[in-house]
There are 2 protein chains.
Amino acid sequence: MVREKVTVERLVHAAADLADEVGFDQLTVSALARRLDVRDASLYSHVRNVQDLRMRLAALALTELADRVAEALAGRAGKDALVAFANAYRDYARRHPGRYAAAQIEIDPESPAGSAARRHAELTRAILRGYALTEPAQTDAVRFLHSTLHGYVSLERAGGFRHHPRTADDSWRLSLDALDAVLTTWPPD
Amino acid sequence: MVREKVTVERLVHAAADLADEVGFDQLTVSALARRLDVRDASLYSHVRNVQDLRMRLAALALTELADRVAEALAGRAGKDALVAFANAYRDYARRHPGRYAAAQIEIDPESPAGSAARRHAELTRAILRGYALTEPAQTDAVRFLHSTLHGYVSLERAGGFRHHPRTADDSWRLSLDALDAVLTTWPPD
DNA sequence: CCCTCCTACCTAGGACCTCTAGGCTAACGC
DNA sequence: GCGTTAGCCTAGAGGTCCTAGGTAGGAGGG
C-alpha cells in the first residue's frame, strides 16, 4: 500500500483547503503535515519555511482569482462588467476566505506570485475601459474601486454587517450602483 | 529599588506599543513579558490568555480611534467633516498599525470593546447628517464609506500602492472627492 | 545485474511560545 | 499579630518552527 506522495502542488492545494477551513493565520506546517499524514519535518524538503508556504498559497489564490474574474468579464462591458467583476471577487472571498486572505499579503513583484498579482491588476484596469479614463485618473479610479471592494468583503467577513437588519446583499447592490455612478463621472469635481 | 508594578492598564498600553512596532499578529505574551521585565507566566494573572490580551487591545484601539475621530469632527459639517474624519482615520491607521489591526478583529457586542465599537460606529453615522439620509439608505451609505476607507488604508498598508508613480496621497484626495460626490447624490440611481 | 544517486520520507533535538499548578513575599485591613 | 490579597516566581506539559543527519526504494548507467 503506497501512500500518495507529496508534491509541491498537492501540498499547496491541501494548504489552501486547510486555510479555507481554519483561517489563513491558523495555517501551520504541523497542521498541514497532520492532514497529509507525514511528519512536519518532511514538508521542509518541499517548502523552505512557513513564509514560503504562505507565498505559494498567495500565488495560487491570485491565479485562481484572476481566472474567475477573467471568466466573469468575458463578453461584458460597462456596468455589466463592473457588476460581474465585483460579484466574482466577493464570491471568491466568501467561498475561499483562507485563499482570499492569502492573496492580500505583501508580494514581491519579482516572484511567481508577483506575476499573478499583475495579471489580476490588469484585469481590474480592463473594467475601466468602459469608463474612458486616462492617467492618472485611471490609477486613482482603480485604487478607489479596489479599496471599496476589498473593504466591503473584509468588513463583511469580519462580521461587521451582522448586527443590523439591513442585509449585506442589499447594501452590496447599492454599493455597486454607487461605484458605477462615481466611475461614470470620474474624476469627481 | 522597586520596579514599576504591572497593572492591566500598563500591560495593555505596552502591548499596544509592541503591536505597533512588530505587528498585531506578532504580539506574544512572551515578548510582552520580556518588555515588562517579568516572566511570561506572571502576565496570566492580569489577562486570561492571548485572546483576552488581543481583545483588550482592540478595546483600547477602538476607544482611541473614536476619540480622535470625535475631535476631528468637532465643529465641522458636510464635506469638511467627511475629510476630517477620513484623515483622522487614515492617520491613526498609519501611525498605529498594530492598534489599527487590533481594532479590526471580530468583537463581541456585549464586551467593553463592543461599546467602544458602537461609539465609533455612531460617529461615522454622524458624518452623514450633512447628507440628509434616511434608513435604509443611511446604513448602505455608512457601509460604503467604511468599506472604502478601510479598504484604502489596508491596501496602502499592505504596500499595494507602492509600485506606481502616482502617490497614495494624491489618489486619497481624489477618493475623498469621490466619496463626497457619491454621498451627495445618495442613493445612486 | 549491480552500483550510485536522488527523492521522499524518517527520528532527534533545539528554540520559542502558550498556559497551568503551586508557592513565595510584601502590603494592607482588622 | 494574622489572614487576605496582589504580584511575582519556578517548573513543566504540550504545541510550533526548523535543522541535522539518516534510511528505503526507484531510476539510470556501466
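The structure displayed is predicted, hence computed values, not measured ones.

Caption draft 1: Representation of the protein's contact with DNA strand D in the model. Every one of the 18 residues lining DNA strand D counts as a neighbour, but Y44 and V50 of chain A together with R39, S42 and H46 of chain B are closest to it. When the atoms of DNA strand D within 4 Å of the protein are grouped by moiety, sugar and phosphate amount to 71% of the total. In the model, a phosphate oxygen of DNA strand D is placed 3.0 Å from a nitrogen or oxygen of the V29 of chain A main chain. Separating a phosphate oxygen of DNA strand D from a backbone N or O atom of R39 of chain B is a distance of 2.8 Å.

Caption draft 2: Focus on the relation of the copies chain B and chain A. Aligned on chain A, chain B shows an RMSD of 0.1 Å; the corresponding rotation is 180 degrees and the shift along the axis is 0.1 Å. Here the symmetry operator amounts to a two-fold rotation axis. A symmetric contact is evident, with 100% of the interface residues of chain B recurring at the interface of chain A.

Caption draft 3: Focus on the protein's contact with DNA strand C. Around DNA strand C sit 18 residues, and of these R39 and S42 of chain A together with D40, Y44 and V50 of chain B come closest. Of everything in DNA strand C that lies within 4 Å of the protein, sugar and phosphate atoms constitute 71%. Within the backbone of R39 of chain A, one N or O atom sits 2.9 Å away from a phosphate oxygen of DNA strand C. S42 of chain A is positioned with one of its side-chain polar atoms (N or O) 2.5 Å from a phosphate oxygen of DNA strand C. Counting only elements with at least two residues in the surface near DNA strand C, the list comes to α2 (29-36) and α3 (50-73) of chain B.

Caption draft 4: Expanded view of the packing of aromatic side chains. Following the criterion strictly, the structure yields eleven aromatic pairs over all chains and no others. Measuring from centroid to centroid gives 5.6 Å for F144 of chain A and W186 of chain A, while their planes differ by 55 degrees, and the two rings are tilted. Residue F144 of chain A is found in helix α7 (residues 137-157), and its partner W186 of chain A is found in the segment after α8 (168-184); the two are separated by 42 residues along the sequence. Joined through ring pairs, the aromatic side chains of F144 and W186 of chain A together with F144 and W186 of chain B make up one cluster. Its guanidinium or amino end placed over the ring of F24 of chain A, R54 of chain A lies 5.4 Å from that ring's centre, counting from NZ or CZ.

Caption draft 5: A look at the interface of chain B and chain A. With 36 residues of chain B at the contact, the number on the chain A side is 37 residues. Summed over both sides, the interface of chain B with chain A buries roughly 3100 Å², with 62% coming from carbon and sulfur. For the pair chain B and chain A, the number of links is two salt bridges. Inspection of the chain B/chain A interface yields 17 residue pairs in polar contact (both at pLDDT 80 or more). When residues of the side of chain B that touches chain A are traced back to their parent elements, those giving at least two are α7 (137-157) and α8 (168-184) of chain B. Considering every element that reaches the side of chain B that touches chain A, the biggest residue donor is α7 of chain B, with twelve residues. Considered class by class, the residues forming the side of chain B that touches chain A number 15 nonpolar, 14 polar and seven charged.

Each value, and the rule that gives it
- Residues numbered from 1 in each chain as written.
- Chains lettered and ligands numbered in written order.
- Predicted model: local features only at pLDDT ≥ 70, side-chain atom pairs only at ≥ 80, totals over all residues.
- Heavy atoms only, no water.
- Near = heavy atom within 4 Å.
- Polar contact = N/O pair within 3.5 Å; in protein donor to acceptor, adjacent residues only side chain to side chain.
- Least-squares fit on C-alpha atoms with pLDDT ≥ 70 in both.
- Contact = heavy atoms within 4.5 Å.
- Helix = DSSP H or I, 4+ residues; strand = E, 2+ residues; numbered from the N terminus.
- Phe/Tyr/Trp six-rings, centres within 6.5 Å; stacked < 30°, edge-to-face > 60°.
- Lys NZ or Arg CZ within 6 Å of the ring centre and 35° of its normal.
- Buried area = accessible area lost by both parts, 1.4 Å probe.
- Salt bridge = Lys/Arg side-chain N within 4 Å of Asp/Glu carboxyl O.
- Nonpolar A, V, L, I, M, F, W, Y, C, P; charged D, E, K, R; others polar.

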